[in-house]
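# Notes for the structure review
Single-letter residue listing:
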Amino acid sequence: MPFNLLPEQELEHIAPLLVEIKYQKDGTIYHQETTKLKGVDIIAAGEYEAFFYDTNHNKRLVEIFKSGDCYGGISELLNGRKSLTTVIVKKGTIVYTLPRKAFNILCARYEEFYQYFTGSFGKRMLNEEFAYFYKNPTNFERSFITSEQLYSRRIESLEYRDIVWCRSNTPVHQAALVMGQQKISCLFVKDAQSKIIGFITDITLRENVVAKQASYQSPVSSVMDTPIASINVHAFVYEAVLSMFRTKMRYLLVEKNGEYVGFISRNKLLSEQGQSPLLFIQSVKQSRSVEELKRKWEAVPDLVTQLLERGVHAAIVNQVITTVSDTIAIKVIETVTKQMGAPPAKFVFMVMGSEGRKEQTLKTDQDNAIIYEDKANEHREEVREYFLKFATFISGYLNTIGFSYCSGGYMAQNPKWTHSLSHWKNNYLSWIKETLPETVMQIATFFDCRYLYGDETIIKELEVFLSGQLQNPMDRLFHFMAQNALQYEPPLTAFFKNIRTFRVDKKEVFDIKKAMTPIVDLVRVYALKNQIFESNTGERLKALKDMQVFTESEVTELLQSYYYLMGLRLKTQSQQIIQNHLPPDNYIMPQQLTKIDQLTLREIFKTIQNFQLRIRMQFTGNLLG
């Protein structure tokens, strides 16, 4: 109870000011955003049931206040005296109300008492649903529920199609006949063991049969498309669409309990999304020139603003930005491949940094690299020359589109980061062996890598190699990686009262990217130590929870903190571009934030400091750093 934070003499002083109220029956005593409170209620006996009503009159976020609890502090301090929620009192409840004037005097006089209310509110604002109710009490259905329908709908809610299939030795003309009779555009192919191994579509018949003048008697296995792709029935619809864009798949098999129960098409999913941003991604895929791709990337800030205003979670916004970015990069790679001709060796183009983690924002540069297969000595220079020229063209086009050159040189056009697979393995070996702060930074950068284009087996082989190296004792490596996670301190002043700032162009600001960096770094340390090769911070956290490295409540705290910061960062950057016509940066002026955002940020920074203390003890053995 917050009143326990007050000195005894103060309690004696306020006791005569309390007004006793006894309730003889159940009833609604406060209405959300309507009733003005006379003070703070201290419940002596009985019960309050507090909740938000949505527009369908459903109770949301029900909270029970019992003897010893108090209600109204947040409403008084942060909501203009209006009750934040609707409150139903139970029969027999006894309440003592402290008048608002006396309550405000106590808040001004006792910082710890004041922080009790503001701090607890900051934590509650990390709950996405609570935040939407608080910020949009009258249009909650429009903002939160609408986004929920678009981005929280699962595959199982869709009507997916039955799987129609043929054997791998079926002649092409018979397969086409089946497709016509069944009125389907996708026919799956099974082998002798009844395992689905590929599929044929109208496009398959056009490009692999008619265009190549293949025999209509040929078995479908000789012309079918591979590989197949699937998605779990419990996955989100938007995940399926984004997956299709990333992999170029037009059809996904639906998997339930280890079996395929149907399939869905990209066109079907897009038609159900109406005017959603997923259609914008489709338009990016259809772009035909670098200039058109540039215009598409310039339209992304408007897209981000629309998503945030509709209440879409920052993690999903990240995925949309990343998918647009990936789509543009793939279009560029395909363009350069056509210009230069087929590569002389298998290769993989991988992305790193925020794009590698699928956490891209509107202030972004290039972070990429190329790994190509090892070739015989007589072809080594020829292969290397091709890929260096290949990378230079790609980086140049990306820079023109709006993905600026990396100031640190972490780009494929840098000869250091375009090499054969054996050379990349030696890179990791030397970095691990040396284990210096600078080499640890390189391990961190390239641990965040993600496949984008080419032969994915190459990057998988590199992961297997790295996993084998991590079997050895790595205390020194993790020590330096932990030091990286401790390098940036959350910008809090002493006693957590204010956000610490520095001056940029006569403005007092803090760097929100650096404020987020400790979360990325500490999660990466634990992921590397536990050989988790997910690249996304959220996915790493969920894997760490499954391995019981972090508890569910710890993961929730970190995820809520990280994506609250991400949402604020994206919102600020989109405003800089659209409203101020300025290039985006990561600087935020605290004085321009709402009081609620400032309170929430302070709680987030405290959370980060607590986790930094944990990593300091576990990996450095030094409480003081």
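A short tour of the structure in this document, coming up. (Residues numbered from 1 in each chain as written. Predicted model: local features only at pLDDT ≥ 70, side-chain atom pairs only at ≥ 80, totals over all residues. Heavy atoms only, no water.)

### Regarding the overall build of the protein
What counts, and what does not: Each helix corresponds to a stretch of at least 4 residues labelled H or I by DSSP, and each strand to a stretch of at least 2 residues labelled E; elements are numbered beginning at the N terminus. Buried, partly exposed and exposed residues are distinguished by accessible area as a fraction of the type maximum, computed with a 1.4 Å probe on protein chains only: under 20%, between the cut-offs, and over 50%, respectively. Residues count as neighbours in contact if any of their non-hydrogen atoms are within 4.5 Å of one another. Computed with a 1.4 Å probe, the accessible areas rest on the Shrake-Rupley method; for each residue, only the protein chains presented here act as cover.
Summing up its helical and strand segments, the protein has 24 helices and 21 strands in all. Across its three principal axes, the protein shows a C-alpha extent of roughly 95 × 60 × 50 Å. Counting the 625 residues in the protein, one finds 52% classified as buried. Long-range contacts, defined here as pairs at least 24 residues apart, represent 72% of the contacts in the protein between residues at least 6 apart. Only carbon and sulfur atoms are counted for the fraction: they give 49% of the accessible area of the protein, which is about 29700 Å².

### A few points about the pattern of salt bridges
Selection rule: A pair is scored as a salt bridge if a Lys or Arg side-chain nitrogen falls within 4 Å of a carboxyl oxygen belonging to Asp or Glu.
A full pass over the atoms with the stated rule returns 19 salt bridges. One salt bridge in this structure joins E49 and K59, with 3.4 Å as the shortest N-O distance. Note that E49 is positioned in strand β4 (residues 47–53) and K59 in strand β5 (residues 59–66), a separation of ten residues in sequence. A salt bridge links R206 to E207; the shortest N-O distance between them is 3.3 Å. Ionic contacts of the salt-bridge type, sharing partners, join the residues R357, E359, D448, D521, R524 and R540 into one network.

### What to know about helix α14 (residues 314–340)
Definition in use: Residue count minus one, scaled by 1.5 Å, sets the expected span of a helix.
Helix length check: α14 (27 residues) gives 39 Å between terminal C-alpha atoms against 39 Å at 1.5 Å per residue, within 8%. Counting buried residues in α14 gives 21 out of 27 residues, a clear majority hidden from the surface.

### A closer look at the sheet that holds strand β9 (residues 165–167)
Each strand in a sheet pairs with another by means of backbone hydrogen bonds, the pair being arranged parallel or else antiparallel. Convention followed: DSSP calls a pair of strands paired once it identifies at least 2 bridges connecting them. Axis definition: a line fit to C-alpha positions, over the contact stretch in the case of helices; interaxial angles, taken between N-to-C directions, run 0 to 180 degrees.
What the three strands build is an open sheet, ordered β9-β10-β11; its pairing is mixed. The sheet is open, and its two borders are formed by β9 and β11 (196–201), each paired with just one other strand. Recorded for the sheet is a direction-independent mean angle of 35° between the axes of neighbouring strands. Of the pairings in the sheet, the one linking strand β10 (residues 186–190) to β11 comprises five bridges and is antiparallel in character. Within β11, the residue paired with V189 across the bridge is G198. Its contacts with the sheet place helix α7 (residues 172–182) against β10 and β11, and it is angled at close to 135° to β10.

### Here we look at the layout of surface pockets
Threshold: A cavity, in this analysis, means grid points on a 1 Å lattice covering only the protein atoms where a 1.4 Å probe fits yet has no way out; a pocket is instead an open set bounded by protein on both sides within 12 Å along at least five of seven lines, and a residue lines either one if it has an atom within 4 Å of a point. Grid points are joined across faces, edges and corners, and a volume is the space filled by probe spheres set on the points.
The computed volume of the second largest pocket comes to approximately 1400 Å³. Together, 48 residues line the second largest pocket, and S354, D365, D367, K513 and R569 are the ones closest to its centre. Breaking the lining of the second largest pocket down by element, the ones donating at least two residues are α12 (290–298), α13 (300–309), α15 (353–356), α16 (377–401), α18 (437–447), α20 (475–485), α21 (512–529) and α23 (552–578).

### Looking at the packing of aromatic side chains
Cut-off, in case you're wondering: Under the pairing criterion, centres of Phe, Tyr and Trp rings, with the six-membered ring standing for Trp, must be within 6.5 Å; the plane angle then separates stacked pairs below 30 degrees from edge-to-face pairs above 60, leaving the rest tilted. Two conditions define a charge sitting above a ring: the NZ of Lys or the CZ of Arg must be within 6 Å of the ring centre, and it must be within 35 degrees of the ring normal.
Evaluation of the coordinates by the stated rule reveals 39 aromatic pairs. With centroids separated by 5.8 Å and ring planes inclined at 70°, the aromatic side chains of F121 and F130 adopt a geometry described as edge-to-face. Taking relative accessible area as the criterion, F121 reaches 0% and is therefore assigned buried. Linked through ring pairs, F347, Y372, Y386, F387, F390 and Y453 together constitute an aromatic cluster. In this arrangement the basic side chain of K190 is found over the ring face of W165, its NZ or CZ atom lying 4.3 Å from the centre.

### Points about the sheet that holds strand β1 (residues 19–22)
With antiparallel pairing, four strands are arranged side by side in an open sheet as β1-β8-β3-β6. At either margin of the open sheet sits one strand with a lone partner, and together these are β1 and β6 (70–71). Summarising the sheet, strand β3 (residues 39–45) and strand β8 (residues 94–99) pair through six bridges and their orientation is antiparallel. Across the sheet, V40 pairs through a bridge with L98, a residue of β8. Contacts from helix α3 (residues 100–109) reach β3 and β8 within the one sheet, and its direction differs from that of β8 by about 65°.

### Considerations on the packing of α21 against helix α22 (residues 537–546)
Quick reminder of the rule: For classification, angles of less than 35 degrees are called roughly parallel, those exceeding 145 degrees roughly antiparallel, those between 65 and 115 degrees roughly perpendicular, and all remaining angles oblique. Whether a crossing is left-handed or right-handed is set by the direction in which the near helix is turned from the far one by less than a right angle, anticlockwise for left-handed and clockwise for right-handed. Only Asp, Glu, Lys and Arg are considered charged in this grouping, and only Ala, Val, Leu, Ile, Met, Phe, Trp, Tyr, Cys and Pro are considered nonpolar; every other residue, Gly among them, is considered polar.
Look at α21 against α22: their axes get within 10 Å of each other, and the N-to-C directions meet at 45°. Judged on the interaxial angle alone, α22 and α21 are oblique. Crossing hand, α21 versus α22: left-handed. Touching V520, V523, R524, Y526 and A527 of α21 are T537, R540, L541 and L544, all from α22. Looking at side-chain class alone, the contact of α21 with α22 contains six nonpolar, one polar and two charged residues.

### Some words on empty space enclosed by the protein
Enumeration over the complete set of coordinates arrives at three cavities of 30 Å³ or more. Reported here for the largest cavity is a volume of approximately 100 Å³. What lines the largest cavity is simply Y428, F446, F447, C449, I459, L462, E463, L466 and F533. At the level of elements, α18 and α19 (456–469) are the ones that each hand at least two residues to the lining of the largest cavity. Residue contributions to the lining of the largest cavity peak at four residues, all from α19. Residues belonging to the lining of the largest cavity are distributed by class as follows: eight nonpolar, no polar and one charged. Estimated volume of the second largest cavity: approximately 70 Å³. What lines the second largest cavity is simply S325, A329, F349, V351, E355, D365, Q366, D367, N368, L398 and F403.

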